[in-house]
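These are the residues of each chain, in order.
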Amino acid sequence: DMMKNSAIQLHGSAFFPIADFPVAVVPSGNQDENFGGEGYTCIPHFHDYHELVMIVSGSGVQNIDGRDYTVKAGDVFLIGGSSVHCFRAVRALRLYNILFDPDRLPLPLAQFRKIHGYEMIFRTEPQTRTPRNFRNHLRLESRRIPELVKLVEGLRETLARNDEFSEAESIGLLIRIILDLARQ
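As the structure is a computational prediction, the values presented were derived from the model and not from experiment.

## Quick look at the overall build of the protein
Next, step 1: Of the regular secondary structure elements, the protein holds five helices and eight strands.
Next, step 2: The secondary structure elements of the protein, listed N-terminal to C-terminal, are α-β-β-β-β-β-β-β-α-α-β-α-α.
Next, step 3: Here the protein has a C-alpha radius of gyration of 16 Å; the compact-globule value for 184 residues is 16 Å, and the two agree.
Next, step 4: Taken along the three principal axes of its C-alpha coordinates, the protein extends 40 × 35 × 35 Å.

Written as C-alpha cells, this is what we have:
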C-alpha cells in the first residue's frame, strides 16, 4: 500500500546484537521535535520483528498505520512488524524499544495466552487499537517505571555481553519483562 511505499523497511539483522537470536533493546532518548530524532524513531518505517515500546519520560505522538496516538511516560504498547509507524511532536521523549521475533524464540506462548494481561497487551489491544480506545493500552504507575527500566537495561547488558549464557539468560529476562507487564 501507499504508506509502505513511502516508509523505510528495517531488518532485525541490523539490530539484533547476537547473530540468529532475534532480541534487541534499543533505547532512544532526550528527543524534542526540533531534534529530528535518533535513528529511525521519527522516520516512518516498518520491520520484520515486533517492537514493545516503553515510554520512560516525556511525551509525543506515535503514528501507527496513519493514525495518531498521544503517548506519555508509563505507556507501554506493542507494534507489530508490518505496521508503518513513527513518532512526531515529541517533547523530552525517552523510551526503550524491545525488538523481538516471537516466531523465532522459544517463548511459552501457550502459557502466556492463559494470562489475561498478556492477551490484552500482546493480542487484543494491538488488534483493536483506535485513537479513541487507545486508553485501553497499558500505562505503568510512575513508581513501576524504574523497576522495569532496570530489567530492560539488564536485558540490554546481557545481549551486549554475548557469551555462552547470553541467549538463555535473555530469554529468561524477556519472559520476566512480559510477565511483569502482564501483571499490571
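## Some points on the pairing of strand β4 (residues 50-64)
Next, step 1: Most of β4 is tucked away, with eleven of its 15 residues classed as buried.
Next, step 2: Judged from the twelve bridges that link them, β4 and strand β7 (residues 85-100) form a sheet pairing that is antiparallel. Bridge assignment links Val 53 to a residue of β7, and that residue is Asn 97.
Next, step 3: Alignment of β4 against strand β6 (residues 75-79), held across four bridges, turns out to be antiparallel. Counted as the bridge partner of Leu 52 is Leu 78 from β6.
Next, step 4: Note: β4 against strand β5 (residues 67-72), six bridges, orientation antiparallel. What sits directly across from Gln 62, in β5, is Tyr 69.
Next, step 5: Here β4 folds back onto β5 in antiparallel fashion, the turn holding two residues, of which Asp 65 has a positive phi close to 50°.

## A word on the pattern of salt bridges
Next, step 1: Counted by the stated rule, this structure contains eleven salt bridges.
Next, step 2: Where Arg 123 meets Glu 119, a salt bridge forms, and the shortest distance between an N and an O atom there is 3.3 Å. Highlighted residues: Arg 123 and Glu 119, both in helix α3 (residues 116-128), separated by four residues, approximately one helical turn.
Next, step 3: In this structure, Arg 183 engages Asp 180 in a salt bridge whose closest nitrogen and oxygen atoms are separated by 3.5 Å.
Next, step 4: Three or more residues joined by partner-sharing salt bridges are found here, namely Arg 161, Asp 163 and Glu 169.

## Some thoughts on helix α5 (residues 166-182)
Next, step 1: Taking 1.5 Å per residue, 17 residues should reach 24 Å; α5 reaches 24 Å between its end C-alpha atoms and fits that length.
Next, step 2: Of the positions making up α5, those classed as buried are Ser 166, Ser 170, Ile 171, Leu 173, Leu 174, Ile 175, Ile 177, Ile 178, Asp 180, Leu 181 and Ala 182.

## Quick word on the nonpolar core
Next, step 1: Core analysis: the biggest nonpolar cluster contains 36 residues, and Ile 98, Phe 100 and Leu 181 have the highest contact counts within it.
Next, step 2: Counting residues per element, the ones that place at least two in this core are β2 (23-31), β4, β6, β7, α2 (109-112), α3, α4 (145-161) and α5.
Next, step 3: No other element matches the eight residues that α5 contributes to this core.
Next, step 4: In this structure, Ile 98 is in contact with Ala 24, His 50, Glu 51, Leu 52, Met 54, Val 152, Leu 155, Leu 174 and Ile 177, ignoring residues within four places of it in sequence.
Next, step 5: Within the second largest apolar cluster, twelve residues are counted, among which are Val 53, Tyr 69, Phe 87 and Val 90.

## Some remarks on the packing of α4 against α5
Next, step 1: Look at α4 against α5: their axes get within 9 Å of each other, and the N-to-C directions meet at 165°. When the axis of α4 is compared with that of α5, the two are roughly antiparallel. Once α4 is placed against α5, the crossing between them reads as left-handed. Within the contact between the two elements, α4 uses Leu 148, Leu 151, Val 152, Gly 154, Leu 155, Thr 158, Leu 159 and Arg 161 and α5 uses Ser 166, Glu 169, Ser 170, Leu 173, Arg 176, Ile 177, Asp 180 and Leu 181.

Scoring rules and cut-offs
Residues numbered from 1 in each chain as written. Predicted model: local features only at pLDDT ≥ 70, side-chain atom pairs only at ≥ 80, totals over all residues. Heavy atoms only, no water. Helix = DSSP H or I, 4+ residues; strand = E, 2+ residues; numbered from the N terminus. Rg over C-alpha atoms; globule rule 2.2 N^0.38 Å. Buried < 20%, exposed > 50% of the residue type's maximum accessible area, 1.4 Å probe, protein only. Pairing = 2+ DSSP bridges. Salt bridge = Lys/Arg side-chain N within 4 Å of Asp/Glu carboxyl O. Expected span 1.5 Å × (residues − 1). Core = buried A, V, L, I, M, F, W, Y, C linked by side-chain atoms within 4.5 Å. Contact = heavy atoms within 4.5 Å. Axes fitted to C-alpha atoms, helices over the stretch in contact; angles between N-to-C directions. Parallel < 35°, antiparallel > 145°, perpendicular 65-115°, else oblique. Left-handed = near helix turned anticlockwise from the far one by under 90°.

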